[in-house]
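# Breakdown of the fold
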Amino acid sequence: MKYGYFDAEHKEYVITRPDTPAPWANYLGSPEYGAIISGNAGGYSFVKSGANGRIIRYRFNSVMNDQPGRYIYIKDRENGDYWSASWQPVGKDLDKYRTECHHGTAYSRFVSEYDGIESDTLYYVPLNKTYEVWKTKVTNKSDKPRKLSLTGYVEFTNSGNYEQDSVNLQYTLFVSKTYFRNNMILQAINENIKGHAGPDDSDEEGRGIWRFFGLAGSEAAAYDGDRDTFVGKYRDYSNPRSIENGCSNTLNFNTNSCGALQADIELAPGESKELVYLLGAYAEKGAKEIMAHYQDLSVVDSELEELKTFWHAKLNRFQVQTPDDNLNHMVNTWNAYQCFITFIWSRAASFQYCGLRNGLGYRDTVQDIQGIMHLDPELARERLTLMLSAQVNNGGGLPLVKFDHRPGFEKTPDDPEYGAETGHPAYRADDALWLFPTLIRYVKESGNWAYIDEVIPYANKEEGTVYDHLKRAIQFSLDRMGAHNMPAGLHADWNDCLRLGAKGESTFVAFQLYMAYNVFIEIAERKGNKEDVAWAEKLREELSRTLQENAWEDDQFIRGFTEENEVIGSRTNVDANIWLEPQTWSVLSGAARPEQAKLALDKVYEKLNTKYGAMVCYPPINRDGHPVLLMSLFNPTTKENGGIFSQPQGWLVLAETMIGNGNRAFEYYKEINPASMNEDADVRAIEPYVHGQFIEAVDSPFYGRGHVHWLTGTASTVMVSLAEGIMGVQPEFDGLRIDPCVPDNWTEFSMVREFRGKNLNVQVKNPNGVQKGIASIVLNGTPIEGKLIPEQLLKAENDVVITMG
Ligand code: IFM
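So, here is what we can say about the structure in this document.

Definitions and limits used
- Residues numbered from 1 in each chain as written.
- Predicted model: local features only at pLDDT ≥ 70, side-chain atom pairs only at ≥ 80, totals over all residues.
- Heavy atoms only, no water.
- Near = heavy atom within 4 Å.
- Polar contact = N/O pair within 3.5 Å; in protein donor to acceptor, adjacent residues only side chain to side chain.
- Areas by Shrake-Rupley, 256 points an atom, 1.4 Å probe, with all protein chains shown as cover.
- Nonpolar A, V, L, I, M, F, W, Y, C, P; charged D, E, K, R; others polar.
- Buried < 20%, exposed > 50% of the residue type's maximum accessible area, 1.4 Å probe, protein only.
- Helix = DSSP H or I, 4+ residues; strand = E, 2+ residues; numbered from the N terminus.
- Pairing = 2+ DSSP bridges.
- Axes fitted to C-alpha atoms, helices over the stretch in contact; angles between N-to-C directions.
- Parallel < 35°, antiparallel > 145°, perpendicular 65-115°, else oblique.
- Contact = heavy atoms within 4.5 Å.
- Core = buried A, V, L, I, M, F, W, Y, C linked by side-chain atoms within 4.5 Å.
- Phe/Tyr/Trp six-rings, centres within 6.5 Å; stacked < 30°, edge-to-face > 60°.
- Disulfide = S-S within 2.5 Å.
- Expected span 1.5 Å × (residues − 1).
- Salt bridge = Lys/Arg side-chain N within 4 Å of Asp/Glu carboxyl O.
- Left-handed = near helix turned anticlockwise from the far one by under 90°.

### Remarks on the site of the ligand
Lining the immediate environment of the ligand, one finds R363, D364, W494, N495, D496, E640, F645 and Q693. At 2.6 Å, a backbone N or O of W494 approaches an oxygen atom of the ligand. Take E640: an N or O atom from its side chain is 2.5 Å from an oxygen atom of the ligand. Calculation on the ligand without its partners gives an accessible area of 280 Å², and the protein chains cover 91% of this total. Partitioned by chemical class, the residues of the shell around the ligand number 2 nonpolar, 2 polar and 4 charged.

Written out as structure tokens, the structure reads:
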């Protein structure tokens, strides 16, 4: 079943059937003021923290699903019939109720029509503002005058902390009150208390925590501030008492609070009326200023334009036109936008993440940076600097970088306080090693070679140049080697479910270390530091020998060793006898010999591939728990336990392009491209325009179903595999290499790419149907030697013609 389509021109996904198999969401605003909204206007908003600054409710795991949200009810006052501007919560018969939800870049728009009344409702958070705007335009398309009531509705939390709000009712029910003043419902929490530290605004005397829900464009004819009065006994959001009977001007006291504002309007045939609802965590003075800003409703148009310009300018730095529309939609809009959302929000808030994590995960964040590198290298640099400052002076990364991170003063996993505060009691083996692929991408994208010598503090004490940080990251692994002279797996490597400990070893981390040596050698050579080059080359050779002697088994790499020297991921194991990560990373790191690379990737194709992507290991563990392989916690075929884990799919696509297999790389890409499932959306369930964390694998009763939408490292690995692998755009220190690896039936494609402030319009021709290889490059009419387009030859605008062959 198909529920919508991609609108490439407007960079939107348009949901045409609102009864989607799961809530299909969009992100508005930023973590300063964040809002998540589904295709039925379900979702929640928060200020600064999804866990502690939640201002409106959304019930996870609840029936009704995907409620509550940002509702606008429309009622015909003459016949008493009512519906909502989004299909839910009233849920009218879809034969009579026509609707489209346009999810765009940081806005969502719902255009609906029922019984001759059209509503066009836009939700957004203005750029760099900390409140949200809902603008609705209602048009009478019938041939008779209509008397309508429009009621905007939100269910406030009684505490910003969503756990307190959900469970500590003996307290939170008795601290909130609502008022109706100046066309707004004002909610006060702990109104008598001064000096709250929470993110919500206090009044001018510093009292209380305040939120507001206001109406501009019409006087409120009636209101409610008490949720239970609004909904009414034994009813729900599909049939609230205050919609059937009209709002009753009831404010809450020792009950749940809400904001409901009813506007009564009359429309002649063809006439339209516009209203704006405003929501935020402001006390009366601030709220009034915001309300005043919207007295002229046309401000909404300019704010929407500003948002679009902001986002589209970022996305337009890299646009492709290939024979595959589904790939184009993702590269040009949705994968790119998801990379930004994941980068900005980390794992803060979604319909699965509640905002409980009080910081940035080291590994996730350093990888997320790669996804936006080509679109905003300066933003990437800022975050990279933060992550370098969260490296401990022993070279390891802090597993969690707190939102209030103070470089130079942090406790580390060596201090018990750090584990107690963050829930991370020990180092993970991979964290700081992610710096290598990310940092080298930054320097090559930006050309900012001086960054290598920038001095950045360590998390706990001391400081060093970026170069020094890299050297210490290597040293961290060298100080923690196991019996086979491979890095220990510690508390986890990329795979959170591997507890290899201080002596168990991880081939994944060994490949990461191998890549680290390569990057370090490249940088040290360019710096002219021969001693360091020799040091790293010797270590790389030793590691290569170790890997060849201990980690290669006929046609696959093993996953590692337990502390008891048991082999994980051996072809002779009963469970989990082939793993995806070491096969892909053996290639990405350059450690696999050419024949091993081919064998290892062929093995993946043979044993792990499915029509929805490659499983992370096979067979899943389906027996007693294993102290090292924690994935046995999960149902087989799920997540790390043999699920089609989405993040490694990007590594797989990239690895195939590195060995020149364009056909297979593209086959894998199609398998995991959410857009490929647009026509089959019931199988995938989650949004066809964003990646999720994993897909249930072959033996699942729900094979193909996706989970954990939006905030996932998949966004960045897949984007890198598309940009660098398939499209082949690889920045180098001195220029841009464009070396595509594509299916052999792509005869022609093009792209535009910004590189260091210059624009390149690239036409690629593939007359002989090859998968990889460059016959010629013509830059601005002049042929150039080799595959690298030198930076110094670039003008402001450039035409590049590449012929593959
Ligand atoms: O790598 C991790 C990530 O950090 C969190 N989600 C699961 C991944 C694989 O275990």
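### A look at the pairing of strand β15 (residues 207-216)
Across the 10 residues of β15, 9 count as buried, placing the element largely inside the fold. Bridge count for strand β14 (residues 184-194) against β15 is 7 bridges, and the pairing is antiparallel. Counterpart to K194 in the pairing with β15 is R207. In this sheet, strand β18 (residues 272-280) lies alongside β15 in antiparallel orientation, the contact comprising 5 bridges. Residue pairing across strands places A216 opposite V276, the latter belonging to β18.

### A short note on the packing of helix α6 (residues 299-315) against helix α7 (residues 325-345)
Following both chains from N to C, one finds α6 and α7 inclined at 105°, their axes separated by 10 Å at the closest point. Relative to α7, the element α6 is oriented roughly perpendicular. Contact with α6, carried on its side by W311, K314 and L315, involves N332, T333, A336, Y337, F340 and I344 of α7 and no other residues of that element.

### Examining the sheet that holds strand β3 (residues 25-30)
Within a beta sheet, neighbouring strands are joined by backbone hydrogen bonds and run either parallel or antiparallel to one another. The sheet built from 3 strands is open, its strands ordered β3-β4-β5 with antiparallel pairing. Edge strands, defined here as strands with exactly one partner in the open sheet, are β3 and β5 (45-47). Averaged over all neighbouring strand pairs, the angle between strand axes comes to 10°, with direction disregarded. Summarising the sheet, β3 and strand β4 (residues 33-38) pair through 6 bridges and their orientation is antiparallel. Looking across to β4, one finds that S30 is bridged to Y33.

### Considering the environment of E462
Topologically, E462 is positioned in the loop between β22 (455-457) and β23 (463-465). Along the chain, E462 and E9 lie 453 residues apart, while their C-alpha atoms are 51 Å from each other. Setting aside its immediate chain neighbours within four residues, E462 contacts N393, P457 and R472. A distance of 3.2 Å separates a polar atom in the side chain of E462 from a polar atom in the side chain of N393.

### Quick word on the pairing of strand β17 (residues 257-267)
Most of β17 sits out of view: 9 of its 11 residues are buried. Judged from the 10 bridges that link them, strand β12 (residues 146-155) and β17 form a sheet pairing that is antiparallel. Note that in β17 the partner of S149 across the bridge is D264. Relative to β17, strand β16 (residues 222-226) runs antiparallel, the two being bridged by 4 bridges. Paired with D224 across the two strands is A260, which belongs to β17.

### Some words on the nonpolar core
Y294, L439, Y669 and W710 are the most contacted members of the largest nonpolar core, which has 254 residues in total. With 14 residues, helix α13 (residues 507-527) is the single largest residue contributor to this core. Setting aside residues up to four positions removed in sequence, Y669 forms contacts with L327, M330, V653, V718, L722 and I726.

### Looking at the packing of aromatic side chains
In the structure shown here, the tally under the stated rule is 57 aromatic pairs. Summarising the aromatic geometry, the rings of W434 and F508 are spaced 6.0 Å apart at their centres and angled 45° between planes, so their arrangement reads as tilted. Taken together, the residues span a long stretch of sequence, with W434 in the loop between α10 (416-422) and α11 (435-446) and F508 in helix α13 at a distance of 74 residues. Looking at W434, the relative accessible area reads 2%, which means it is buried.

### Some points on the state of the cysteines
On inspection of all chains with the given rule, the structure shows 0 disulfides. Considering cysteine sulfurs only, C497 is the nearest to C354, which forms no disulfide, with 19 Å between them. Of the residues examined, C354 reaches a relative accessible area of 15% and is grouped as buried.

### Remarks on helix α9 (residues 377-388)
Helix length check: α9, at 12 residues, gives a terminal C-alpha distance of 16 Å against a target of 16 Å (1.5 Å per residue), a fit within 8%. When we look at burial in α9, the residues that qualify are P377, A380, R383, L384, T385, M387 and L388.

### Quick look at the pattern of salt bridges
Enumeration according to the criterion identifies 57 salt bridges in this entry. Measuring nitrogen to oxygen at the nearest pair gives 2.4 Å for the salt bridge that ties D19 to R17. Taken together, the salt bridges that share partners define one network made up of R57, R59, E155, D165, R227 and D228.

### A short note on the side chain of T139
Tracing the sequence through the fold places T139 in strand β11 (residues 131-140). Assessed through its relative accessible area of 11%, T139 is described here as buried.

### Structural notes on the environment of D19
Mapped onto the elements, D19 comes out in the loop between β2 (12-15) and β3. Setting aside anything within four residues of it in sequence, one finds D19 in contact with Y3, W87 and L94. At 2.4 Å, the side chain of D19 forms a polar contact with the side chain of R17.

### Some points on the sheet that holds strand β44 (residues 797-804)
The mixed open sheet is built from 6 strands, whose spatial order is β19-β39-β40-β44-β41-β42. Looking at the sheet topology across the chains shown, the edges are occupied by β19 (318-321) and β42 (782-784). Going across the sheet, the axis of each strand differs from the next one's by a mean of 20°, ignoring polarity. In the sheet, strand β41 (residues 774-779) pairs with β42 via 3 bridges, with the strands oriented antiparallel. The residue bridging I777 from the neighbouring strand is I784, located in β42.

### Considering the packing of helix α17 (residues 647-658) against helix α20 (residues 714-726)
Where α17 contacts α20, the two axes come as close as 7 Å, and the packing angle between them is 15°. Considered as vectors, α17 and α20 are oriented roughly parallel to each other. The two elements α17 and α20 cross, and the hand of that crossing is left-handed. Mapping the contact onto sequence places Q647, G650, W651, V653, L654 and T657 in α17 and T714, T717, V718, V720, S721, E724, G725 and I726 in α20.

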